[in-house]
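Chain and residue survey
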Amino acid sequence: MKAALGALLGRELALAFRQKGELLQPLVFFILVISLFPLGVGPGPQTLQKIGPGVIWVAVLLASLLGMERLFRDDFNDGWLEQMSLSAVPLTLVVLIKVMAHWLTCVLPLLLISPLLALFLHLTADMYKALLMTLILGTPLLSLVGATGVALTTGLQRGGVLLSLLLLPLFIPLLIFATSAVDAAALQLSYNGQLAIIAALLLLALALTPFATAYALRVVQG
Amino acid sequence: MWKWLHPYAKSEKAFELCARLLPWLSISAIVILATGTLWGLMFAPADYQQGDSFRIIYIHVPSAILSMGVYSAMAVAALVGLVWQLRTATMAVAAIAPVGAVLTFIALFTGAAWGKPMWGTWWVWDARLTSELILLFLYLGVMALYQSFDDKQQGGKAAGVMALVGVVNLPIIHFSVEWWNTLHQGATITKFGKPSIAPEMLWPLLLCILGLALASAALSVYRFQSELMRREIHRPWVQAQARKEHSDAV
């Protein structure tokens, strides 16, 4: 079982790295969205610093939605998913591995590029530290909850807009707690409370969403 | 209870139950809603501070309460559908969602119309307003997901999963926006003991809530019947029913 799951992770990573174009898309999108904001609201450092955490988080939400769309699409189309749901490996674990691979390939680059964007938006070192902590705890939550939404829309034509309608309302608590942590850091206050809540939400999602996602995949396969 | 419920997994029995319930629900809804609204709008005393404009409470509060109540009804139907794999329960999810969405919209709209004279603004990013808006998005998500499946059986199940994901998230969303920002007044009538509203204003409000609840139930039951007929169009009982209604009409 362990060997099967390891092989699965290897497969996912290999597939992701062989489609370098698709791998880069969310990253480029992320940088572009963020560089639009100084142009839109004006280059004043104070304004940018104030809206910075919110802008980065909204851009992360949108970029991860963009990268998420094809999480199950190809596997659904070529029948691999059907074979997987027949195999001895539980579909919940398969889902978990796929989400993990997606996080490593699509979301981790966003985190790695984030220092640059923090410079763009004039975030202070304290704010950046808080932002990074919320991103590390919050983005796996995004991927886990997102996978459920993606599973529900897999196999649908024009699932993209529907996916954002389904998922964005669910991400609101995360957005609120993450930006409030960074705001607290900007005022030199402690933000452990917000981090603890995001971590709690992450654990809840880790416990529940693989089952919901696996069920949703079984539903869309009919 | 299971013994009592399980016949209604069959669509024909469910349809018959609805046909029996519908006249009672709709007549009592019309009577109670008319009484409550007329009493509230015309005879209840005006508020000492807000004057007559407080009377929108008789529409705003019932629709706000029921927008959440209807969501829980939808979630219960979704849970029943997922756990016992009842086809009729997933049809109920699809039938209930638009009713709830309309109630949520009414609550938001009347809230905006009430906010303008009282707070001086149509909209504020207050906790309750925001969570009501998110509730509307959740309803729209469930409806859009259901609509986008060609196979309505699949669509019903998928919408059910979405409704349940929403129900887990609703308290989280509610508390997060509560901590985030709040301007809305506290609950007026859920306080046990002494409600902070005069009894002559409270009674018509309670009537309105009950009336609107019955009206939502009647609308859901009616929509559920249409859903049953649309989904089971190839069954003999639906065709017999359609012939009967046609001959009644002629």
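Cut-off values and rules
Residues numbered from 1 in each chain as written. Chains lettered and ligands numbered in written order. Predicted model: local features only at pLDDT ≥ 70, side-chain atom pairs only at ≥ 80, totals over all residues. Heavy atoms only, no water. Helix = DSSP H or I, 4+ residues; strand = E, 2+ residues; numbered from the N terminus. Buried < 20%, exposed > 50% of the residue type's maximum accessible area, 1.4 Å probe, protein only. Contact = heavy atoms within 4.5 Å. Areas by Shrake-Rupley, 256 points an atom, 1.4 Å probe, with all protein chains shown as cover. pLDDT = per-residue confidence, 0-100. Polar contact = N/O pair within 3.5 Å; in protein donor to acceptor, adjacent residues only side chain to side chain.

1. A short note on the overall build of chain B
Looking only at helices and strands, chain B features eight helices and zero strands. The secondary structure elements of chain B, listed N-terminal to C-terminal, are α-α-α-α-α-α-α-α. Along the three orthogonal principal directions, the C-alpha set of chain B runs to about 60 × 40 × 35 Å. Buried residues in chain B amount to 46% of all 250 residues. Here the contacts in chain B between residues at least 6 apart in sequence split such that 76% fall between residues at least 24 apart. Summed over its atoms, the accessible surface of chain B is roughly 13,200 Å², and 70% of this surface lies on carbon and sulfur atoms.

2. Points about the confidence of the model for chain B
Scored by pLDDT, chain B comes out at a mean of 84, with 92% of its residues at no less than 70. Reported confidences for the modelled complex are a pTM of 0.86 and an ipTM of 0.84.

3. Some words on the environment of S87 of chain A
Residues and elements named next belong to chain A. Here S87 lies in the loop between α5 (80–86) and α6 (91–120). In this structure the C-alpha to C-alpha distance between S87 and I113, which are 26 residues apart in sequence, comes to 38 Å. Polar contacts involving the side chain of S87 include one to the main-chain carbonyl oxygen of M84, which spans 2.9 Å. Only 3.3 Å separates the side chain of S87 from the backbone nitrogen of V89, close enough to count as a polar contact.

4. A look at the environment of W84 of chain B
By secondary structure assignment, the location of W84 of chain B is in helix α3 (residues 57–84). Remark: the alpha-carbon pair of W84 of chain B and A112 of chain B, spanning 28 residues in sequence, is separated by 41 Å.

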